Amino acid sequence: MIAVLLEQALNGLQLGVTLFLLASGLTLVLGIMRLVNLAHGSLYMVGAYIAFTIQSASGSFSLGLLAAAAATALIGAVLERLLFERLYQRGYLEQVIVSFGAVMFLDELVRVLWGPLPLKAPMPEVFDWSVELLPGLLYPTYRLAIIAVGMVVSILLYLLVTHTRIGMMVRAGASDRSMISALGVNIRDLYTAVFAGGAALAAIAGTMAGPIYSVQIGMGESVLVQSLIAIVIGGIGSIRGAAIAAVLVGVSDTIGRVFLPPGIAQITVYVFMAAVLVCRPRGLFPAHV
Amino acid sequence: MSKIPFLRIGPPAIPAFFWAVPLVVVLLAVPFICEALGQPFYLRVASRILIFALAASSLNLVLGFGGMVSLGHAAFVGIGSYVVAVLAWHLSNEVPVLTWPIVIEGTTNAALAWPAAIGASALAAFVVGAISLRTTGLYFIMITLAFAQMIYYYAVSLQQYGGDDGMKMRGRSVLPGLDLANRTTFYYLVLVALLLCIAFLFCLARSRFGLVIRGIRQNETRMRALGIEPYPYQLTCFTISGAMAGFAGVLMANLDTFVSPSDLSMARSDELVAMILLGGVGSLWGPPLGAAFYILAQLGLGNLTTHWPLAFGPALIIVVLFARRGLVGIFGERQR
């Protein structure tokens, strides 16, 4: 019993850090730029596909990961300059539909380039073994590696936003965009950089999810919604909130699927979200934006 | 966004009706035109457009008129569809829907199934609205989206009713006195339903209730200062909209005699929002126009290439970025 619980808790933690990698970029874009970007899940998907191709060609997982992060960051930057930059001053509705159009385009582009069938990304050889955590409980090291990467990234990101000059400028841009640009900060490039960074994190999440789940069209949609839930629970714009809520969502979703009957299991996360919002309508850790 | 008026209040309401009369004449003639062209498939497309027009209009009530950006409206449409299909399934499999505390048998009788479906959608909208409306802005958008996904995944988990694949119905609902299996009859039923709903929205917008809702959208603080608590008005508006969406779902299930979870997916909700945005947010004729444009464009591009989203996605983006008031802006419903 304890073994099953530990295994599922770790699976939940692994899903949680994956969600956090998406949620962190998304919460910055939402909270600071006030931009609803439904295409974030597509960046996760595009990252996974690029990594799959590079990995198959070169045989190196880490090369695939780096290439995916770099290429997706570039795609993110182009999308921001081409489309989303025009939308900061417009309503949420327009943002939703423009990003919906982008999702349509990217999904179909992937279908044209890689075909409609799901692909199975190979497991990196270094982590293709299991470790015995408890007597009788073998746990794949690859999932432990994902958890470790997620933790390291979240700590780095937290330090970046709260303790560096760049992070300070990002936060200042959120409070008063015109004032910070009057002080000589190129806010336009800064926003593009934040967007590209979020895209790179999404690509890393997609790449790492590839060997566990299959690489397929629409793979970003369910994780997008789950990370949006994490953002809402954590408080829009708060990195710390997103981190805690992503782990809560990941763990409760995974444990729910194992121990609750089907039908109820699928909706545990949503009930959890509703319960949080009834008590705290602005999330657990409201950011001051 | 707040500059776009829903129906203008006051005497000169002519522009809305100026286009309405010839439009209704054309719509009445559609079955004859399709018959003359020997293309019954077009009548099906026309029915589909009208049903989407109804669904988009119902969303426009909360979105354009009430200023509540709901991203989960397809769920209420889908609930309407599912209730009709599930009741029909239970009748054809001779299994009661409920055995405890009371026995409820399945039915294809429209007089029973349709109100049940609309009621279920209204109830779902009431519950979702009651929780979501405690929040505003971005949170509201995200929560409506999340609840719709919850209902979507719930539908996927219903293995008994086809799960992910959905289920086929044996036939349309039975409405005493009307042969719904006849495509022309069904088309006219859908047309009448749409026109009645539009007339209802027109009256609602001009009622005291409509004024309050408009007032809340424009300035919530001022409405509070006038002694009006927004929450019950917004919740009522959301519930009415959900019921109307459920009605659209009822018609949709009957048109296709098929339901599946994709009827209540996030993509479907986004499509409804896109139709409104294409047509003109907050205008009476905008959503129907947008629905027609959207479905016809999709069909036309789909005929040209299987990879139509490659063109459709960017086209949607361009229209949204540059035609800021939608099609209604082109067709002369002038802004004051």
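Asker: Which residues make up the environment of B:Gln234, and what values do they have?
Answerer: Residue and element names in this part refer to chain B. Its place among the elements puts Gln-234 in helix α9 (residues 230-256). Since its relative accessible area comes to 11%, Gln-234 is described here as buried. Here the alpha-carbon distance between Gln-234 and Arg-217, two residues 17 residues apart in the chain, equals 9.7 Å. Setting aside anything within four residues of it in sequence, one finds Gln-234 in contact with Met-68, Leu-133, Ile-213 and Ile-216.

Asker: Tell me what's going on with the side chain of B:Ser70, and back it up with residues and numbers.
Answerer: All names here are of chain B. Within the element layout of this structure, Ser-70 appears in the loop between α2 (40-65) and α3 (73-92). Reaching out from Ser-70, the side chain makes a polar contact with the backbone nitrogen of Gly-72 at a distance of 3.5 Å. Not counting chain neighbours up to four residues away, the residues in contact with Ser-70 comprise Leu-59, Val-62, Leu-63, Phe-140, Thr-144, Phe-238 and Val-273.

Asker: Give me the interface of chain B and chain A: which residues, what numbers.
Answerer: One frequently used descriptor of interface size is the decrease in accessible area upon assembly of the parts. Counting residues at the interface gives 44 residues for chain B, matched by 43 residues for chain A. Both faces combined, the contact of chain B with chain A buries some 4,100 Å², and carbon together with sulfur accounts for 81% of it. Area buried by chain B at its contact with chain A is led by B:Leu138, B:Tyr139 and B:Met142, which between them contribute 18% of it. Here chain B and chain A share zero salt bridges between them. Linking chain B with chain A are five residue pairs in polar contact (both at pLDDT 80 or more), by the criterion used here. In terms of residues, the side of chain B that touches chain A owes the most to one element, helix α5 (residues 137-157) of chain B, which gives 14 residues. Across the side of chain B that touches chain A, the residue classes break down as 32 nonpolar, eight polar and four charged.

Asker: Lay out the packing of aromatic side chains in plain terms, naming residues and giving numbers.
Answerer: One pass over the structure, following the stated rule, counts 14 aromatic pairs over all chains. With centroids separated by 5.3 Å and ring planes inclined at 90 degrees, the aromatic side chains of B:Trp89 and B:Tyr161 adopt a geometry described as edge-to-face. Of this pair, B:Trp89 sits in helix α3 while B:Tyr161 sits in the loop between α5 and β1 (167-168), and the two are 72 residues apart along the sequence. The exposure class of B:Tyr161 is buried, given its relative accessible area of 11%. Through a chain of ring-to-ring contacts, three or more aromatic side chains come together here, namely A:Phe61, A:Phe127 and A:Tyr142. Its end group placed over the ring of B:Phe186, B:Arg172 keeps NZ or CZ at 4.3 Å from the ring centre.

Asker: Give a detailed account of the pattern of salt bridges, specifying residues and quantitative values.
Answerer: It is possible for side chains of opposite charge to pair when their charged atoms get near one another. Residues and elements named next belong to chain A. For the coordinates displayed, the defined rule picks out twelve salt bridges over all chains. Close ionic contact of Arg-81 with Asp-189 constitutes a salt bridge, the shortest N to O distance being 2.6 Å. Remark: Asp-189 occurs in helix α8 (residues 187-209) and Arg-81 occurs in helix α3 (residues 61-82); sequence separation between them is 108 residues. In this structure, Asp-253 engages Arg-257 in a salt bridge whose closest nitrogen and oxygen atoms are separated by 3.1 Å. On the criterion of helical spacing, the pair formed by Asp-253 and Arg-257 is a turn pair, its members being four residues apart in helix α10 (residues 239-259).

Asker: Explain a nonpolar patch on the surface to me, and be specific about the residues and the numbers.
Answerer: Residues and elements named next belong to chain A. A grouping of Met-1, Val-4, Leu-5, Val-258 and Phe-259 is seen on the molecular surface, where their side chains present a nonpolar patch of about 460 Å² in accessible area. Looking at the nonpolar patch, the elements with two or more residues in it are α1 (2-33) and α10. Checked against the element boundaries, Val-258 lands in helix α10.

What counts and what doesn't
- Residues numbered from 1 in each chain as written.
- Chains lettered and ligands numbered in written order.
- Predicted model: local features only at pLDDT ≥ 70, side-chain atom pairs only at ≥ 80, totals over all residues.
- Heavy atoms only, no water.
- Helix = DSSP H or I, 4+ residues; strand = E, 2+ residues; numbered from the N terminus.
- Buried < 20%, exposed > 50% of the residue type's maximum accessible area, 1.4 Å probe, protein only.
- Contact = heavy atoms within 4.5 Å.
- Polar contact = N/O pair within 3.5 Å; in protein donor to acceptor, adjacent residues only side chain to side chain.
- Buried area = accessible area lost by both parts, 1.4 Å probe.
- Salt bridge = Lys/Arg side-chain N within 4 Å of Asp/Glu carboxyl O.
- Nonpolar A, V, L, I, M, F, W, Y, C, P; charged D, E, K, R; others polar.
- Phe/Tyr/Trp six-rings, centres within 6.5 Å; stacked < 30°, edge-to-face > 60°.
- Lys NZ or Arg CZ within 6 Å of the ring centre and 35° of its normal.
- Patch = residues over 30% accessible without salt bridge, like charges linked within 9 Å, V, L, I, M, F, W, Y side chains within 5 Å.
- Areas by Shrake-Rupley, 256 points an atom, 1.4 Å probe, with all protein chains shown as cover.

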